[in-house]
Protein chains: 2
Amino acid sequence: MPQETPNVGVLMFVAYREMERRVLDAVVAAGYDVTLAQARIFQRIGPDGTRLVELADQAQVTKQTAGFLVDQLERAGFVERVADPTDGRARLVRIAERGRRAGEIAAGVVAEVEAEWVAHLGKRRMGQLRDTLTKLREITDPYAR
Amino acid sequence: MPQETPNVGVLMFVAYREMERRVLDAVVAAGYDVTLAQARIFQRIGPDGTRLVELADQAQVTKQTAGFLVDQLERAGFVERVADPTDGRARLVRIAERGRRAGEIAAGVVAEVEAEWVAHLGKRRMGQLRDTLTKLREITDPYAR
DNA sequence: CTAAAGTAGTCAGCGTATCTGACTTTTACT
DNA sequence: AGTAAAAGTCAGATACGCTGACTACTTTAG
């Protein structure tokens, strides 16, 4: 679909990609050696831990892939696996201390990039953008929390 | 960066991913066997053909990776390589007949998904979204055409 | 007008990410 | 109790993407 005026999806991709690149670069530069795929999984872990299959669904990869990435994150000390008290089959992937520190750096960069966007778009349009995307999520994200 | 209220980047990713998945599924279902990575390159090819390095830059992969994917697209008959008349070092990747047909299917699905978004958001907000993202592209896409 | 520097693209080798399919263990339903 | 479903793992295969090194052509500077 070659086009001079990219569709809305592509426009979102471009901006997203910029955010992702900036965040990952900063986290890696801070000495937390994490890959893009690992970060995409890590990002989805909830405050009380999340099951592997849920992470897989949300990141849109198979559970095998998610398991593979969680293995790496665990070996690097970013996450830990604990038994799920409510279901003997399941285990919860939880953010560990080192992961928390890396997450804080990431959050800082996210705030920084968003501030740049506000500076370029203006506060009003940035607010609209966030609201519209949140609304759009209702029909595009089956795993909306 | 686990969070209940995802940042704007993640929100864009979710919607983008939905669009991408829908388009790719439709194209593959129509018998055009193309992978995600191939589609991301293909999508960037301009109407008069585009150089490999440009495709690589825009898709944010190395030129080797882009070359690898263009090889596959060429073998499958989606694109063709022609010499660049203005520069003997370069060749232009151009969309071939089969690619054009696949691109038409993709464009149809894009229109369909966008129509769903308009139905959910309203015409006004969809217009704002497009405008805002286009504006945002000024600072997030160094390769904006 | 030639030497140096830069750009387009390819080749080779490697590691990461992702998939499909098959299996184990534990729930949940009837 | 007995079967179906769900969570997770194991094994094997493929696709993707990277770095480094190379060739060929073009541009620039002296």
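See the structure shown above.
1. Looking at the relation of the copies chain A and chain B
Inference 1: Of the two same-sequence chains, chain A is brought onto chain B (RMSD 0.1 Å, axial shift 0.0 Å) by a rotation of 179 degrees. The superposition of one copy onto the other is thereby described by a two-fold rotation axis. Among all residues of chain A, the one whose C-alpha sits closest to the rotation axis is Met12 of chain A, at a distance of 2.6 Å.

2. A closer look at the protein's contact with DNA strand C
Inference 1: In the vicinity of DNA strand C, 21 residues are found, and the nearest of them are Thr35, Gln64 and Gly88 of chain A together with Lys63 and Arg91 of chain B.
Inference 2: If you look at DNA strand C and keep only atoms within 4 Å of the protein, 61% of those are sugar or phosphate atoms.
Inference 3: Between Thr62 of chain A and DNA strand C, the recorded distance is 2.7 Å, taken from a backbone N or O atom to a phosphate oxygen.
Inference 4: Where the surface near DNA strand C is concerned, the elements lending two or more residues are helix H4 (63-75) of chain A together with helix H3 (52-59) and helix H4 (63-75) of chain B.
Inference 5: Sorting elements by how many residues they give to the surface near DNA strand C places H4 of chain A first, with five residues.
Inference 6: Of the residues contributing to the surface near DNA strand C, the split by class is seven nonpolar, seven polar and seven charged.

3. Focus on H4 of chain B
Residues and elements named next belong to chain B.
Inference 1: Here H4 spans 18 Å end to end across 13 residues, near enough to the 18 Å set by a 1.5 Å rise per residue.
Inference 2: Against the buried residues of H4 lie helix H2 (36-42), H3, strand S2 (79-83) and strand S3 (91-95).
Inference 3: Once H4 finishes, Gly77 follows within two positions and takes phi at roughly 80 degrees, a positive value.

4. What to know about the pairing of strand S3 (residues 91-95) of chain A
Strand residues, when the strand is regular, have side chains that alternate between the two faces of the sheet.
Inference 1: Here two bridges tie strand S1 (residues 50-51) of chain A to S3 of chain A, and the two strands are oriented antiparallel to one another. Of the residues in S3 of chain A, the one forming a bridge with Arg51 of chain A is Leu92 of chain A.

5. Overview of the interface of chain A and chain B
Inference 1: Listed by partner, the interface residues are 53 residues for chain A and 53 residues for chain B.
Inference 2: Summed over both sides, the interface of chain A with chain B buries roughly 5,400 Å², with 68% coming from carbon and sulfur.
Inference 3: Applying the counting rule to chain A against chain B returns zero salt bridges.
Inference 4: For the interface between chain A and chain B, the tally reads six residue pairs in polar contact (both at pLDDT 80 or more).
Inference 5: Of all the secondary-structure elements, those providing two or more residues to the side of chain A that touches chain B are helix H1 (8-29), helix H2 (36-42), helix H5 (97-121) and helix H6 (123-140) of chain A.
Inference 6: Here the residues of the side of chain A that touches chain B sort into 27 nonpolar, 11 polar and 15 charged.

6. Brief notes about H1 of chain A
Residue and element names in this part refer to chain A.
Inference 1: In this model H1 runs 32 Å from its N-terminal to its C-terminal C-alpha over 22 residues, within 8% of the 32 Å that 1.5 Å per residue would give.
Inference 2: Most of H1 sits inside the fold, with 17 of its 22 residues counted as buried.
Inference 3: Capping the start of H1 is the job of one residue whose side-chain oxygen sits 2.7 Å from the backbone nitrogen of Gly9: Asn7.
Inference 4: Where H1 terminates, the next one or two residues include Gly31, which has phi positive at roughly 95 degrees.

7. Describing the sheet that holds S3 of chain B
Inference 1: Taking strand neighbours across the sheet as the criterion, the three strands line up as S1-S3-S2 (chain B) in an open arrangement whose pairing is antiparallel. Each end of this open sheet is capped by a strand with a single partner; those strands are strand S1 (50-51) and S2 of chain B.

8. Examining unusual backbone geometry
Residue and element names in this part refer to chain A.
Inference 1: A positive phi angle, close to 60 degrees, is found at Gln60, a residue other than glycine.
Inference 2: Following the sequence through the fold, Gln60 ends up in the loop between helix H3 (52-59) and H4.
Inference 3: Residue class for Gln60 comes out partly exposed when judged on its relative accessible area of 38%.

9. Points about the environment of Ala90 of chain A
All names here are of chain A.
Inference 1: Secondary-structure assignment places Ala90 in the loop between strand S2 (79-83) and S3.
Inference 2: What makes Ala90 buried here is its relative accessible area of 14%.
Inference 3: In this structure, the C-alpha to C-alpha distance between Ala90 and Thr50, residues 40 residues apart in sequence, is 9.8 Å.
Inference 4: Residues in contact with Ala90, not counting those within four places in the same chain, are Arg51, Ala83 and Asp84.

The rules we used
Residues numbered from 1 in each chain as written. Chains lettered and ligands numbered in written order. Predicted model: local features only at pLDDT ≥ 70, side-chain atom pairs only at ≥ 80, totals over all residues. Heavy atoms only, no water. Least-squares fit on C-alpha atoms with pLDDT ≥ 70 in both. Near = heavy atom within 4 Å. Polar contact = N/O pair within 3.5 Å; in protein donor to acceptor, adjacent residues only side chain to side chain. Helix = DSSP H or I, 4+ residues; strand = E, 2+ residues; numbered from the N terminus. Nonpolar A, V, L, I, M, F, W, Y, C, P; charged D, E, K, R; others polar. Expected span 1.5 Å × (residues − 1). Contact = heavy atoms within 4.5 Å. Pairing = 2+ DSSP bridges. Buried area = accessible area lost by both parts, 1.4 Å probe. Salt bridge = Lys/Arg side-chain N within 4 Å of Asp/Glu carboxyl O. Buried < 20%, exposed > 50% of the residue type's maximum accessible area, 1.4 Å probe, protein only.

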